[in-house]
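# Structure assessment
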Amino acid sequence: MLKRVLLDTAQIPDGEELTLYSHGRDFMIVLGYNELMSTRMRFSEEQLADLTFDRLPGDSPRILIGGYGMGFTLRAALARMGESGEAVVAEISDKIIEWAKGPMAELTGDCLKDPRLDLKICDVAALIDDANDGTCEKFDAILLDVDNGPDGLVRDANNRIYSKTGLAKARDALKPGGILAVWSAAPDYAFRKRMQDVRLKVEELSVRSRPNNKGAHHTIWFARKA
């Protein structure tokens, strides 16, 4: 019987400690008793990108991805993106990127070397602020998967991104017609209402964690700027 093997730990800035395990050919990132992500449960993170691209015109948008994680969303986005598109990724922990280049290098492939990628080791909120103050160009889409959902589990500071103020800033960092896509482990009526309160047109989908229609149900919101 295969056993989980502890590979490393990462202290998230101003947050909790994450643990990387291997289990045979699979990997998982764990917080306490909560499995935050796993190579066995990747479909909903991939759908965060695929379903966003389904809702965007053209194939070369400028997108912001909040949270690299295991790179599922990024790789799915790059697979759909034209040569002139751009994927800006904000990852709060450089240790997560070390894992991607180290133990999970086979999973990562060449995505971190892709010329369309602009990887930033920072809080995604800082890049949203940059788009609002004119420091950088606004985005066609912002894809958020920085925690377990709107209720911050990994890092208390993540709660501000999901607050009305944070959502309004994300809205203003989008180009007209742009999409804010948010991944969550579970539904959250209050969060959906907050998005509507900041004048976003919201669509909510339930997506399985595995592509064979098995595994946990996860929630993705697609909120369009008028």
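Residues numbered from 1 in each chain as written. Predicted model: local features only at pLDDT ≥ 70, side-chain atom pairs only at ≥ 80, totals over all residues. Heavy atoms only, no water.

Per an unreviewed UniProt entry, the protein chain goes by Spermidine synthase and derives from Altererythrobacter lutimaris.

## Re the pairing of strand S2 (residues 17-23)
Along S2, 5 of the 7 residues are buried, which leaves the element largely enclosed by surrounding structure. Relative to strand S3 (residues 26-31), S2 is paired through 5 bridges, and the arrangement is antiparallel. Each bridged residue has a counterpart across the sheet, and for Tyr21 the counterpart in S3 is Met28. Connecting S2 to the antiparallel partner S3 that follows it, the hairpin turn spans 2 residues, and Gly24 within it adopts a positive phi of roughly 65°. (Buried < 20%, exposed > 50% of the residue type's maximum accessible area, 1.4 Å probe, protein only. Helix = DSSP H or I, 4+ residues; strand = E, 2+ residues; numbered from the N terminus. Pairing = 2+ DSSP bridges.)

## Some remarks on the sheet that holds S2
The pairing of strands in a sheet happens through backbone hydrogen bonds and is either parallel or antiparallel. Strands sit in the order S1-S2-S3-S4 across an open sheet of 4 strands; the sheet is antiparallel. In the strand order of this sheet, the two ends are held by strand S1 (5-11) and strand S4 (34-38), each with one partner. The sheet shows a mean angle of 25° between the axes of neighbouring strands, direction not considered. By the bridge criterion, 4 bridges tie S3 to S4 in an arrangement that is antiparallel. In the strand pairing of S4, Val30 is matched with Glu35. (Axes fitted to C-alpha atoms, helices over the stretch in contact; angles between N-to-C directions.)

## Some points on the environment of Arg171
With respect to the helices and strands, Arg171 occurs in helix H6 (residues 164-172). Here Arg171 falls in the buried class, since its relative accessible area comes to 10%. With 76 residues separating them in the primary sequence, Arg171 and Lys95 have C-alpha atoms 29 Å apart. Setting aside residues no more than four positions away along its own chain, Arg171 makes contact with Val198, Arg199, Leu200 and Lys225. (Contact = heavy atoms within 4.5 Å.)

## Details of the nonpolar core
Nonpolar side chains tend to gather and get buried jointly when the protein is soluble and globular. Counting 43 residues, the largest nonpolar core has Ile63, Tyr68 and Leu74 as the members making the most contacts within it. For this core, the leading source of residues is helix H2 (residues 72-80), giving 5 residues. If sequence neighbours within four positions are ignored, Leu74 has contacts with Ile65, Tyr68, Ala87, Val89, Cys111 and Leu117. Listed in part, the 28 residues of the second largest apolar core include Leu144, Ala170, Ala173 and Val198. (Core = buried A, V, L, I, M, F, W, Y, C linked by side-chain atoms within 4.5 Å.)

## Concerning unusual backbone geometry
Backbone geometry places Asp14, a non-glycine residue, at a positive phi of 55°. For Asp14, the position within the fold is in the loop between S1 and S2. Residue Arg199 is not a glycine yet carries a positive backbone phi of 65°. Here Arg199 is to be found in the loop between helix H7 (189-197) and strand S10 (200-208). Note on Arg199: relative accessible area 60%, which makes it exposed.

## Some points on the packing of aromatic side chains
Under the criterion given, the structure shown has 2 aromatic pairs. Judged by centre distance (5.7 Å) and plane angle (80°), the ring pair of Tyr162 and Phe191 falls under edge-to-face. Taken together, the residues span a long stretch of sequence, with Tyr162 in the loop between strand S8 (139-144) and H6 and Phe191 in helix H7 at a distance of 29 residues. For the pair Tyr162 and Phe191, a shared accessibility class is recorded, and that class is buried. With a centroid separation of 4.9 Å and 65° between ring planes, the pair formed by Phe191 and Trp221 is classed as edge-to-face. Of this pair, Phe191 sits in helix H7 while Trp221 sits in strand S11 (residues 217-225), placing them 30 residues apart in sequence. Here Phe191 and Trp221 have matching classes, each one buried. In this structure an aromatic cluster arises from ring pairing among Tyr162, Phe191 and Trp221. The cationic tip of Arg4 hangs over the ring face of Tyr21; the distance from NZ or CZ to the ring centre is 4.2 Å. Its guanidinium or amino end placed over the ring of Phe222, Arg55 lies 4.4 Å from that ring's centre, counting from NZ or CZ. (Phe/Tyr/Trp six-rings, centres within 6.5 Å; stacked < 30°, edge-to-face > 60°. Lys NZ or Arg CZ within 6 Å of the ring centre and 35° of its normal.)

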